Protein chains: 6
Amino acid sequence: MFRHTDHLQFDVKPEKPDPVYARKLQELIGGAFGEMTVTMQYLFQGWNCRMPGKYKDMIMDVATEEIGHVEMIATMIARLLEGAPATRATQEAAADPVVAAVLGGMDPQQAIVSGGGASLSDSNGVPWNGRYIVASGNLLADFRANVAAESHGRIQTARLYNMTDDPGVKDMLKFNLARDTYHQNLWLAAIEQLKEDGLEGTVTPNALLDEEHAEHATSLWHLSDGPDAGEGRWATGVAADGVHQNGFLADPQPLGDKASAPPPDPQLYATYDGSRGKPRSAALGTEAGLVGKVKDALDPSKP
Amino acid sequence: MFRHTDHLQFDVKPEKPDPVYARKLQELIGGAFGEMTVTMQYLFQGWNCRMPGKYKDMIMDVATEEIGHVEMIATMIARLLEGAPATRATQEAAADPVVAAVLGGMDPQQAIVSGGGASLSDSNGVPWNGRYIVASGNLLADFRANVAAESHGRIQTARLYNMTDDPGVKDMLKFNLARDTYHQNLWLAAIEQLKEDGLEGTVTPNALLDEEHAEHATSLWHLSDGPDAGEGRWATGVAADGVHQNGFLADPQPLGDKASAPPPDPQLYATYDGSRGKPRSAALGTEAGLVGKVKDALDPSKP
Amino acid sequence: MFRHTDHLQFDVKPEKPDPVYARKLQELIGGAFGEMTVTMQYLFQGWNCRMPGKYKDMIMDVATEEIGHVEMIATMIARLLEGAPATRATQEAAADPVVAAVLGGMDPQQAIVSGGGASLSDSNGVPWNGRYIVASGNLLADFRANVAAESHGRIQTARLYNMTDDPGVKDMLKFNLARDTYHQNLWLAAIEQLKEDGLEGTVTPNALLDEEHAEHATSLWHLSDGPDAGEGRWATGVAADGVHQNGFLADPQPLGDKASAPPPDPQLYATYDGSRGKPRSAALGTEAGLVGKVKDALDPSKP
Amino acid sequence: MFRHTDHLQFDVKPEKPDPVYARKLQELIGGAFGEMTVTMQYLFQGWNCRMPGKYKDMIMDVATEEIGHVEMIATMIARLLEGAPATRATQEAAADPVVAAVLGGMDPQQAIVSGGGASLSDSNGVPWNGRYIVASGNLLADFRANVAAESHGRIQTARLYNMTDDPGVKDMLKFNLARDTYHQNLWLAAIEQLKEDGLEGTVTPNALLDEEHAEHATSLWHLSDGPDAGEGRWATGVAADGVHQNGFLADPQPLGDKASAPPPDPQLYATYDGSRGKPRSAALGTEAGLVGKVKDALDPSKP
Amino acid sequence: MFRHTDHLQFDVKPEKPDPVYARKLQELIGGAFGEMTVTMQYLFQGWNCRMPGKYKDMIMDVATEEIGHVEMIATMIARLLEGAPATRATQEAAADPVVAAVLGGMDPQQAIVSGGGASLSDSNGVPWNGRYIVASGNLLADFRANVAAESHGRIQTARLYNMTDDPGVKDMLKFNLARDTYHQNLWLAAIEQLKEDGLEGTVTPNALLDEEHAEHATSLWHLSDGPDAGEGRWATGVAADGVHQNGFLADPQPLGDKASAPPPDPQLYATYDGSRGKPRSAALGTEAGLVGKVKDALDPSKP
Amino acid sequence: MFRHTDHLQFDVKPEKPDPVYARKLQELIGGAFGEMTVTMQYLFQGWNCRMPGKYKDMIMDVATEEIGHVEMIATMIARLLEGAPATRATQEAAADPVVAAVLGGMDPQQAIVSGGGASLSDSNGVPWNGRYIVASGNLLADFRANVAAESHGRIQTARLYNMTDDPGVKDMLKFNLARDTYHQNLWLAAIEQLKEDGLEGTVTPNALLDEEHAEHATSLWHLSDGPDAGEGRWATGVAADGVHQNGFLADPQPLGDKASAPPPDPQLYATYDGSRGKPRSAALGTEAGLVGKVKDALDPSKP
């Protein structure tokens with residue numbers, strides 16, 4: 001269960017409204033790496049965590065903080081939209097290049113739909129969607145996704161920091177940048193902790209390593225003609241997992257047969273000349289199960 | 001420019017068709033972490049890479065390989081759908097529990113739309129979309145996203161490996177698992193290489209670290225009541241970047257003012273009692289620029 | 001800013017796992033009228049509210065409660081998925097009709113992607129998206145949307161209540177149903193309060209009523225041939241707003257000219273026989289504005 | 001079955017083309033509360049209506065009218081785009097601030113894709129989608145959604161009315177505003193009619209009111225710290241349904257156990273320390289059904 | 001403006017309900033090539049048509065018919081869902097293989113959201129969206145898209161025809177198949193008519209044929225190693241446009257320079273070693289336009 | 001399996017950066033008829049092709065070329081974005097009309113997300129999605145979709161050609177236009193080849209023509225009141241398939257019964273007055289199948 005205080009986590013006080021910038025800031029709410037994504041990604045990871053204790057508790061701490069970040073950005077956008085010339089007619093706007101530039105750079109839905117507030121969309125107006133998040137239950141894979149999310153989040157925030165000279169906006173973004181710095185460090189530390197606790201290795205999942213085709217787990221296939229691909233650490237020496245040896249396959253040949261689709265079901269009307277015969281039946285079911293027993297029981301040819 | 005050979009990178013030979021499994025495998029084509037995502041993510045990262053040389057060459061090698069993985073999974077799905085009972089009527093199907101189970105577990109569009117082939121959708125039939133990929137130009141952030149993608153890719157492949165007992169399918173997945181193992185190692189090595197080459201640090205972007213509010217770059221805000229959140233490496237000791245000191249803010253208080261939206265534009269019809277006055281104008285433009293000069297030139301009150 | 005406690009708002013204790021039902025419950029998380037929608041709709045309405053005081057405070061109370069409802073459903077889904085036969089191969093499953101039925105009714109991504117947990121999708125696996133919510137700043141319009149959301153939410157919950165006989169699931173849903181009952185009453189009361197406070201009328205927005213074409217604000221246009229459309233309260237008597245008189249236009253005729261598209265820009269290659277002449281220019285800008293003044297200043301023909 | 005006349009329901013005659021406004025008007029075609037939404041929402045409600053008679057007939061009347069509104073807006077957009085400077089090169093445009101402002105404010109797809117016509121998208125170019133509509137079969141819930149849709153539709157139309165000074169555009173919008181006024185009154189009247197006819201109550205669905213946890217159907221949970229939330233009609237007096245008593249829970253405590261996810265299936269590779277044991281089986285099926293009988297029949301241990 | 005009659009264009013009378021088939025039929029409503037797509041595609045083409053007369057009139061005839069097809073399929077789906085066991089609990093269902101098969105094959109939203117009616121989604125539950133349609137204003141391109149849509153529509157209908165043995169369903173589909181046959185012939189005839197009327201040629205748009213690089217308008221680039229690609233009519237003889245000569249480029253070499261991205265803006269933080277220098281400015285604007293004149297007028301260095 | 005060379009298929013050398021045009025070009029990458037669509041459409045058609053030989057080989061040739069087209073456009077966009085004023089603050093931009101115009105016309109995500117590179121979205125920033133492609137297995141239907149795609153592709157390219165005066169951009173587009181010309185001819189030739197080879201006819205699928213209601217396969221239903229619809233080739237003479245006779249149904253009457261939805265399941269809470277009785281059961285299963293036999297075997301009333 002959650003509780004809320006009306007106070008924002010940090011100050012959100014633009015010196016002046018700026019409706020053009022208000023559109024750009026939408027990226028930090030509804031973009032694929034915006035605050036909404038980390039909020040929901042961490043919440044679902046926390047709820048999906050299988051172990052009570054420090055991991056789950058930490059994830060819920062960060063997740064709860066992130067809801068407050070959505071609140072900060074949404075508040076900033078509303079404040080940046082104060083007094084925006086959104087209801088000016090085109091003729092009026094075209095008569096004043098500044099107004100025209102502002103209108104051309106605004107998100108029209110911030111006025112028409114949200115009445116001067118933020119929407120749950122990115123800087124191109126595309127709505128946030130639930131496929132942006134991942135919570136697999138495997139903490140190593142999830143924490144790696146979190147490191148990536150915080151990295152892209154900080155890069156986008158830094159780019160946006162360079163796109164304004166409003167001291168109040170910059171002040172808020174200095175806080176966001178700092179939190180992104182900490183959260184990158186946090187998830188990197190959490191990855192180390194998982195290894196230290198013996199819960200995960202370097203390759204995830206830490207399973208099927210004995211079953212996979214080990215001979216294909218080591219080399220870069222050189223399939224483009226850029227000549228320098230073999231010069232990196234990925235092509236020589238011991239791999240990051242400490243087990244495999246990195247390699248470089250300079251002239252790789254395909255190992256498989258020719259790609260082809262099987263003969264089609266005539267009732268699906270694929271174009272077909274019959275050259276590959278008729279389709280085999282999908283051989284499913286097993287005579288060893290219940291149905292098999294029932295079939296046997298009902299089969300007059302069986303004793 | 002690309003070239004293609006009809007031979008698959010690795011064998012794709014299911015022992016028997018299995019239309020139920022063919023639906024599940026769609027996740028590896030059109031899911032958020034499927035082969036389509038890594039193909040397009042790496043292609044755009046390669047095309048967007050700003051430096052000729054080993055990074056770009058390596059990215060293009062891997063990207064080109066991944067198109068071939070989409071081809072392998074698409075071929076496998078078509079072969080698993082051979083002879084599927086897709087055109088059976090409900091009555092017939094309901095009369096045979098095995099057929100009914102197969103039909104209930106199939107993706108209907110694999111028959112109705114694709115005529116017995118794969119679609120560019122995930123295992124729930126949701127189409128792949130371009131927001132799944134990221135290519136920011138910042139290689140550290142991008143490689144971290146790649147590590148995450150390969151981690152989730154290997155986990156999903158491993159789960160799917162456990163959902164079949166067809167030796168031909170398992171044989172192909174053993175190859176995919178191995179490539180995912182290598183690709184995890186590869187992107188981890190590439191991250192090390194970036195640091196070794198002095199191109200990136202630990203926190204990305206390697207910028208604005210002096211401008212951000214440093215005092216907020218170090219501590220976990222304890223906003224959920226799980227008592228163990230302070231016990232991990234993220235709360236004590238030196239941070240992963242070797243610079244910051246990790247901390248734990250046990251009883252954090254909000255630093256900001258009260259959240260509120262500004263007074264609204266009356267022409268947008270937000271409900272309002274007037275208690276906060278009228279909106280300020282959006283103060284944009286600067287008298288120092290061209291428009292300012294023009295305004296001055298045209299202003300009759302100025303000499 | 002938000003805080004969280006690990007305790008759920010209400011008990012979430014299924015008697016037995018039920019992975020088929022776990023898929024259906026996704027509708028209450030990620031459906032268009034699920035808990036995620038009301039959470040985000042109320043949060044954005046609260047953040048976008050222009051008046052401090054009882055409305056904003058109440059909206060934030062309810063919004064904060066709803067995050068906890070997402071948590072409850074996500075937890076319920078994970079518990080319903082305990083021990084689900086998700087990793088069974090098709091052959092095995094087909095041999096046991098019960099297992100086959102379960103697998104056919106499961107959401108495959110709950111296993112392959114979420115590892116036995118909820119996703120942020122609806123019962124067909126379609127991800128939640130940000131266009132499901134509305135926060136217009138106009139509280140009457142928004143509260144009406146809230147009444148609708150709680151109505152559809154309660155109907156869907158009631159339908160789902162009838163689809164299970166697990167006493168633990170039913171116990172949780174009895175709580176959700178009760179909250180939906182209260183929230184329907186709450187938003188209806190809030191609508192009355194708005195009128196009582198003189199902030200809104202019956203028609204929203206409470207504006208332009210004098211400018212609109214009043215003669216068209218009263219009658220049902222009878223455009224389908226069902227004979228009984230004129231028998232309802234909408235066709236006679238005083239309208240809900242207490243101002244208009246309801247009417248019925250039994251044989252309506254179009255009031256407009258013929259629909260047609262204007263002559264096309266030749267450089268856009270619409271098929272065209274020239275019969276409608278050439279396109280007019282888009283006449284924009286006004287001579288009265290800054291640009292007009294500049295034009296005049298630069299026009300050699302003007303003194 | 002439908003029939004069409006080339007005459008528009010009302011005049012659509014802009015005085016002058018205005019391509020910037022043409023983009024904004026897209027919201028009324030393809031926005032979540034645009035004409036397409038009410039068209040399809042009402043059509044599906046009509047087709048899904050379970051009773052012949054006045055409700056179904058009225059719904060089909062309004063639905064049929066709304067198709068004509070899509071036609072009106074699509075025609076208006078094409079006419080506003082006449083002669084738009086869409087094919088001007090950037091250099092040319094940048095040389096003329098008016099042209100530049102127009103191009104910056106246009107929807108590029110209206111030229112590149114639609115050749116100077118409307119698309120089925122909103123004012124940010126996001127395509128309309130079928131999840132915007134609802135037709136539940138429950139007329140009270142559906143009519144409430146209709147009231148909300150007409151309310152947001154009229155607000156957006158009113159906002160757009162303020163964004164133009166073209167008398168022809170305003171003339172058309174005066175008609176749309178009037179129809180929205182009538183349609184708000186109509187759906188409010190229809191809700192009253194449902195109650196008068198004894199078909200629905202105040203809370204919908206009119207069911208399970210005796211089964212739900214009645215003690216939780218009355219109070220606002222005070223989970224945010226805004227002090228005024230208890231001052232509204234929602235917190236005191238008789239509820240809108242005339243049955244419940246409104247209340248205010250000033251210091252609510254969670255009623256549930258700790259949130260947690262169950263022990264995971266090892267084959268799904270969730271990170272797990274084993275602390276919560278192994279997962280229970282999903283106990284499905286019942287011995288009382290057909291399968292139970294078959295199992296019994298086949299069980300050698302049973303007589 | 002549109003009118004509606006309650007009578008369906010053709011009979012829609014299933015002999016028996018069949019909820020599994022009701023899900024599959026969703027493809028014909030909300031699929032990319034379903035009735036909704038052709039309805040909206042033709043409506044927008046008609047509204048966007050630039051010439052009064054036979055083309056526009058015919059398009060509007062067909063478009064209006066298609067709305068009635070959506071109505072037919074929506075009605076069929078509701079009738080097929082009559083008495084569906086949607087509210088059965090999992091245990092009950094698992095006890096009866098027929099019920100379990102039915103539930104496994106149903107679309108859960110048809111019950112939970114639509115209350116036993118159709119939704120505006122495809123057979124996987126993905127909502128229809130506005131990007132499925134095209135109306136470019138160029139009738140040749142649009143009619144070709146219409147031929148394709150009717151072809152895929154008839155194929156999907158034919159596949160669905162094979163998936164049922166209900167005589168009432170088959171009767172309706174025999175009508176749909178026949179209309180699809182006619183509509184394929186119709187659009188093919190309309191393409192011939194366009195050429196006969198001298199409005200369009202074979203290649204569309206009938207423009208820029210003299211400006212394009214003619215030497216690249218004739219040959220198949222042989223970029224895959226399948227040996228038979230040169231044996232078709234596309235590789236020899238006169239092209240379909242009667243002008244070009246088809247050819248086969250057996251060993252094509254790239255004509256372009258190396259792919260590379262330019263030096264990055266440092267404020268966007270792309271990883272960069274400086275090897276390609278600094279970015280050039282985007283050289284926009286022209287001194288010949290209004291701004292150029294103003295600049296000159298204000299430039300103190302100019303006389 | 002694929003291979004890649006760093007050389008582009010054709011030169012991609014803009015004379016000057018142009019970030020406004022860079023946004024428009026996104027349509028050719030991520031639009032519904034952009035290079036990504038033809039790439040994936042042809043790849044899936046090739047992989048889904050059921051016959052080895054000239055069709056499959058040709059499809060794979062073209063598909064492989066198209067990946068290189070995505071590469072060309074992505075490279076062009078990055079080069080057009082060189083030095084874009086993306087990080088300018090609003091105030092600065094508003095002071096210079098040229099900069100303001102550029103910023104207003106840019107895609108903000110090209111800077112914030114992609115760091116000065118292309119994204120996988122269209123010119124309105126909407127991400128590409130997998131439902132844009134079709135690969136049905138039926139080559140006639142698929143090739144018709146390909147003709148349509150190349151037609152819309154060439155139209156959009158031609159429109160974009162008119163929107164620039166940069167000689168380097170125009171040079172690349174002259175190549176793209178030429179390839180689109182050839183590809184239109186190619187798919188038209190391939191359609192002729194299919195007929196010549198006896199694989200497909202004119203109506204697709206070439207099946208069920210004897211079963212469909214032949215009397216409805218010939219006439220235009222005149223459902224709109226435009227008077228000229230009967231004057232085209234579609235209304236008289238022999239149809240394109242050489243079999244049917246085209247006709248015109250001047251005053252069509254509906255052939256079906258009244259549209260209605262069946263009585264509802266009470267547990268789904270549709271509003272209902274009981275006037276149509278109770279719902280019939282969904283009569284599924286057949287006594288002739290396995291379940292029937294089992295039922296009989298277990299039925300004590302049967303001998």
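From a predicted model like this one, the values you see are computed outputs, not experimental measurements.

Visitor: Would you mind going over the overall build of chain A in detail, with residue names and values included?
Guide: The helix and strand tally for chain A stands at 9 helices and 3 strands. Going from the N terminus to the C terminus, chain A shows its helices and strands as β-α-α-α-α-α-α-α-α-β-β-α. In summary, chain A has a C-alpha radius of gyration of 28 Å against a globular reference of 19 Å for 303 residues, an excess of more than 25%. When the backbone C-alpha atoms are referred to their principal axes, chain A occupies close to 90 × 55 × 55 Å.

Visitor: Which residues make up the relation of the copies chain B and chain A, and what values do they have?
Guide: Superposing chain B onto chain A requires a rotation of 180 degrees together with a translation of 0.0 Å along the rotation axis, leaving an RMSD of 0.0 Å. Both chain copies can therefore be described as sitting about a two-fold axis.

Visitor: Describe in detail the interface of chain B and chain A, supporting the description with residues and values.
Guide: Many analyses report the size of an interface as the accessible area lost when the parts associate. With 135 residues of chain B at the contact, the number on the chain A side is 135 residues. The tally of links between chain B and chain A comes to 10 salt bridges. Two residues, B:Arg280 and A:Glu82, come together in a salt bridge whose shortest N-O distance is 3.4 Å. Only α3 (54-80), α5 (97-105), α7 (139-161), α8 (167-196), β2 (219-221) and β3 (247-249) of chain B provide two or more residues apiece to the side of chain B that touches chain A. Per-element tally for the side of chain B that touches chain A: the top contributor is α8(B), with 17 residues. Each residue belonging to the side of chain B that touches chain A can be placed in one class, and the counts come to 62 nonpolar, 38 polar and 35 charged.

Visitor: Describe the environment of B:Gln26, naming the residues involved and giving the relevant values.
Guide: Residue and element names in this part refer to chain B. When you line up the elements, Gln26 lands in helix α1 (residues 19-30). Put simply, Gln26 and Asp122 are 96 residues apart on the chain and 4.9 Å apart in space, counted from C-alpha to C-alpha. Setting aside anything within four residues of it in sequence, one finds Gln26 in contact with Gly31, Ile77, Asp107, Gln110, Ala118, Ser119, Ser121, Asp122 and Ser123. Among the polar contacts made by the side chain of Gln26, one reaches the main-chain carbonyl oxygen of Ser121 at a distance of 2.9 Å.

Visitor: Break down the interface of chain C and chain B for me, with residues and values.
Guide: Contact residues are listed per partner, giving 50 residues for chain C and 47 residues for chain B. Note on chain C versus chain B: buried area summed over both sides is about 3,700 Å², and carbon and sulfur give 58% of it. Area buried by chain C at its contact with chain B is led by C:Arg50, C:Thr90 and C:Ile112, which between them contribute 20% of it. At the level of secondary structure, the elements contributing two or more residues to the side of chain C that touches chain B comprise β1 (2-4), α4 (90-94), α5 (97-105), α6 (108-112), α7 (139-161) and α9 (290-298) of chain C. Among the residues forming the side of chain C that touches chain B, the class breakdown is 28 nonpolar, 14 polar and 8 charged.

Visitor: Explain α7(B) to me, and be specific about the residues and the numbers.
Guide: Residues and elements named next belong to chain B. Taking 1.5 Å of rise per residue, 23 residues should cover 33 Å, and α7 covers 32 Å from first to last C-alpha, within 8% of that figure. Counting buried positions over the 23 residues of α7 gives 23, a clear majority of the element. Taking the backbone nitrogen of Leu140 as reference, a side-chain oxygen 3.1 Å away marks Asn138 as the first, capping residue of α7.

Visitor: Summarise the pattern of salt bridges; cite the residues concerned and give the values.
Guide: All names here are of chain C. Overall, the coordinates contain 48 salt bridges over all chains when judged by the stated rule. Where Lys54 meets Asp197, a salt bridge forms, and the shortest distance between an N and an O atom there is 2.9 Å. Of this pair, Lys54 sits in helix α3 (residues 54-80) while Asp197 sits in the loop between α8 (167-196) and β2 (219-221), and the two are 143 residues apart along the sequence. For Lys54, a relative accessible area of 18% translates into the label buried. Judged by its relative accessible area of 33%, Asp197 falls in the partly exposed class.

Visitor: Report on the relation of the copies chain C and chain B, specifying residues and quantitative values.
Guide: Overlaying chain C on chain B yields an RMSD of 0.0 Å, the required transformation being a rotation through 120 degrees with an accompanying axial translation of 0.0 Å. Here the two chains are linked by the operation of a three-fold rotation axis. Closest approach to the rotation axis among the C-alpha atoms of chain C is made by C:Gly104, whose C-alpha sits 2.8 Å away.

Visitor: For the environment of E:Pro108, give the residues involved together with the corresponding values.
Guide: The topology assignment puts E:Pro108 in helix α6 (residues 108-112). Accessibility expressed as a relative area gives 10% for E:Pro108, which makes it buried. Taking the C-alpha atoms as reference, E:Pro108 lies 7.7 Å from E:Ala86; in sequence the two are 22 residues apart. Setting aside residues no more than four positions away along its own chain, E:Pro108 makes contact with C:Arg23, C:Ser123 and C:Asn124.

Visitor: Go over the side chain of E:Arg79, please, and point to the residues and values.
Guide: Assignment of secondary structure puts E:Arg79 in helix α3 (residues 54-80). We classify E:Arg79 as buried; its relative accessible area is 10%. The contacts of E:Arg79, once residues within four sequence positions are left out, are E:Val12, E:Lys13, E:Pro14, E:Pro17, F:Asp257, F:Lys258, F:Ala259, F:Ser260 and F:Pro262.

Visitor: Quick rundown of the packing of aromatic side chains? Include the residues and the values.
Guide: As enumerated under the stated definition, the model contains 51 aromatic pairs over all chains in all. Taken together, a centroid distance of 5.3 Å and an interplanar angle of 65 degrees make the contact between B:Phe44 and B:Trp47 edge-to-face. One end of the pair is B:Phe44 and the other is B:Trp47, both in helix α2 (residues 35-47) and 3 residues apart, which spans about a single turn. The same class applies to B:Phe44 and to B:Trp47, which are both buried. When the ring of D:Tyr42 is compared with that of D:Trp187, the centres are 5.0 Å apart and the planes differ by 55 degrees; the resulting orientation is tilted. Residue D:Tyr42 is found in helix α2 (residues 35-47), and its partner D:Trp187 is found in helix α8 (residues 167-196); the two are separated by 145 residues along the sequence.

Visitor: Account for helix α2 (residues 35-47) of chain F, with residues named and values stated.
Guide: Relative to the 18 Å expected for 13 residues at 1.5 Å per residue, α2(F) spans 18 Å between its end C-alpha atoms, a close match to the ideal helical length. In terms of burial, α2(F) is largely enclosed, as 13 of its 13 residues are buried.

Visitor: Can you lay out unusual backbone geometry for me, pointing to particular residues and giving the numbers?
Guide: Residues and elements named next belong to chain A. Omega for the peptide link from Thr204 to Pro205 comes to -5 degrees, which places this bond in the cis form. The phi torsion at Tyr269 lies on the positive side, around 60 degrees, for a residue other than glycine. With respect to the helices, strands and loops of the structure, Tyr269 is situated in the loop between β3 (247-249) and α9 (290-298). For Tyr269, a relative accessible area of 13% translates into the label buried.

Visitor: I'd love a proper account of the packing of α7(B) against α8(B), names of residues and values included.
Guide: The description of two helices packed together rests on the angle between their axes and the distance between the axes. Residues and elements named next belong to chain B. Running from N to C, α7 and α8 cross one another at 160 degrees; their axes reach a closest spacing of 9 Å. When the axes of α7 and α8 are compared, the pair comes out roughly antiparallel. Along this stretch, α7 crosses α8, giving a crossing that reads as left-handed.

Visitor: Break down the packing of helix α1 (residues 19-30) of chain C against α5(C) for me, citing the residues and quoting the values.
Guide: Residues and elements named next belong to chain C. In the contact formed by α1 and α5, the axes pass within 8 Å of each other and the chain directions differ by 15 degrees. With respect to each other, α1 and α5 are oriented roughly parallel. In the crossing of α1 with α5, the sense of the turn from one axis to the other is left-handed. Residue-level inspection shows Pro19, Val20 and Arg23 of α1 in contact with α5, the latter providing Ala101, Val102 and Gly105. Grouping the constituent residues of the contact of α1 with α5 by class yields 4 nonpolar, 1 polar and 1 charged.

Visitor: Explain the environment of B:Leu268 to me, using residue names and the numbers behind them.
Guide: Among the structural elements, B:Leu268 can be located in the loop between β3 and α9 (290-298). In this structure, the C-alpha to C-alpha distance between B:Leu268 and B:Asp122, residues 146 residues apart in sequence, is 41 Å. Aside from chain neighbours lying at most four places away, what touches B:Leu268 is A:Thr87, A:Ala111, A:Gly115, A:Gly116, D:Arg159 and D:Met163.

Visitor: Could you give an account of the side chain of F:Arg179, with specific residues and numbers?
Guide: Looking at where F:Arg179 falls in the secondary structure, it is placed in helix α8 (residues 167-196). Among the polar contacts listed, one links the side chain of F:Arg179 to the backbone oxygen of E:His216, at a separation of 2.9 Å. Once residues lying within four places of it in the same chain are set aside, the contact partners of F:Arg179 are E:His216, E:Ser219, E:Leu220, E:Trp221, F:Glu65 and F:His69.

Visitor: Talk me through the confidence of the model for chain A; I want residue IDs and the actual numbers.
Guide: Looking at chain A as a whole, its pLDDT mean stands at 93, while 93% of the residues score no less than 70. Model confidence for the complex: the whole-complex pTM is 0.95, and ipTM, which rates the interface, is 0.94.

Cut-offs applied
For every chain, the first residue of the written sequence is number 1, and numbering continues from 1 onward in sequence order. Key to labels: chains lettered from A, ligands numbered from 1, both in the order written. Where totals are concerned, whole chains, interfaces and linings use all residues; where local detail is concerned, this predicted model gives features only for residues with pLDDT of at least 70, and gives and counts side-chain atom pairs only at 80 or more. Processing note: side-chain calculations cover all non-hydrogen atoms of the structure and skip hydrogens and water entirely. Helix numbers and strand numbers start at the N terminus; a helix is a DSSP run of H or I with at least 4 residues, a strand a run of E with at least 2. Only the C-alpha atoms count toward the radius of gyration. The rule for a globule is 2.2 Å times the residue count to the power 0.38. Fitting of the copies onto one another was done by least squares over C-alpha atoms, counting residues only where both copies have pLDDT of at least 70. The contact rule is simple, with two residues in contact once any of their heavy atoms fall within 4.5 Å. By convention in these notes, a salt bridge is any Lys or Arg side-chain nitrogen within 4 Å of a carboxyl oxygen on Asp or Glu. In the scheme used here, Gly and all other residues not listed as nonpolar or charged are polar, with Ala, Val, Leu, Ile, Met, Phe, Trp, Tyr, Cys and Pro taken as nonpolar and Asp, Glu, Lys and Arg as charged. Contacts described as polar in this section are N or O atom pairs within 3.5 Å, which, within protein, must combine one atom able to donate a hydrogen with one able to accept it, while residues neighboring in sequence count only if both atoms come from side chains. Put simply, buried area is the surface a 1.4 Å probe can reach on two separate parts but cannot reach once they are joined, added for both. A helix is expected to reach a length of 1.5 Å times the quantity of its residues less one. Only protein chains enter the calculation, and the probe is 1.4 Å; a residue is then buried if its accessible area is under 20% of its type maximum, exposed if over 50%, and partly exposed in between. Ring pairs shown here join Phe, Tyr and Trp side chains whose ring centres sit within 6.5 Å, with only the six-membered ring taken for Trp; geometry is labelled stacked below 30 degrees between planes, edge-to-face above 60, and tilted in between. Every axis in this analysis is a line fitted to C-alpha atoms, fitted for helices over the stretch in contact. Angles between the N-to-C directions lie between 0 and 180 degrees. Throughout, the term roughly parallel applies to angles under 35 degrees, roughly antiparallel to angles over 145, roughly perpendicular to angles from 65 to 115, and oblique to all others. Whether a crossing is left-handed or right-handed is set by the direction in which the near helix is turned from the far one by less than a right angle, anticlockwise for left-handed and clockwise for right-handed. In predicted models, pLDDT denotes the confidence assigned by the predictor to each residue on a 0 to 100 scale.

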